[in-house]
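# Geometric and topological summary
Read off the chains here:
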Amino acid sequence: MDKSFIKERYARIRLAHNISARRLSMELGQSSEYINQIETGKSMPSVEGLINFCDYFGMSASEFFDDRIAFPVEYKAVADELNKMDAMEIGLVLDLLKLINSKRENR
């Protein structure tokens, strides 16, 4: 993992929530250019800044840094919905995912 991971993750999460860099910076109590500077690689967030970012979006730092998950916002939304289901329903969703992925692989 390198610096580009952090800046790209910031942008991906922010854009998935459809919030401007300026607005997010202000809502986090930072200067108007704070998020832009991170996303362009001009600066790196402090540990506190990263925690505040994660808290703002309702995710843990481990979710933020999990590079196995390309779309953390969407992944969390799916996981939240799965947590409302019983085992049989989850099995049906899993079967559907396998079907979708098998069709993608056969293209």
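Residues numbered from 1 in each chain as written. Predicted model: local features only at pLDDT ≥ 70, side-chain atom pairs only at ≥ 80, totals over all residues. Heavy atoms only, no water.

With that settled, the discussion passes to the packing of aromatic side chains. All told, the structure shown has 8 aromatic pairs when counted by the stated rule. Between Phe64 and Phe65, the aromatic rings sit 5.0 Å apart at their centres with planes inclined by 80°, giving edge-to-face as the arrangement. Taking the relative accessible area as the measure of exposure, Phe65 reaches 29% and is therefore partly exposed. Linked through ring pairs, Phe5, Tyr10, Phe53, Tyr56, Phe57, Phe64 and Phe65 together constitute an aromatic cluster. (Phe/Tyr/Trp six-rings, centres within 6.5 Å; stacked < 30°, edge-to-face > 60°. Buried < 20%, exposed > 50% of the residue type's maximum accessible area, 1.4 Å probe, protein only.)

Positive phi, close to 55°, is recorded for Asn18, a residue that is not glycine. Within the secondary structure, Asn18 is located in the loop between α1 (3–16) and α2 (21–27). (Helix = DSSP H or I, 4+ residues; strand = E, 2+ residues; numbered from the N terminus.)

With that settled, consider α1. Between its terminal C-alpha atoms α1 stretches 20 Å, which fits the 20 Å expected from 14 residues at 1.5 Å a residue. In this fold, the buried residues of α1 make contact with α2, α3 (34–39), α4 (47–56), α5 (61–65) and α6 (72–82). Positive phi shows up at Asn18, right after α1, with a value of about 55°. (Expected span 1.5 Å × (residues − 1). Contact = heavy atoms within 4.5 Å.)

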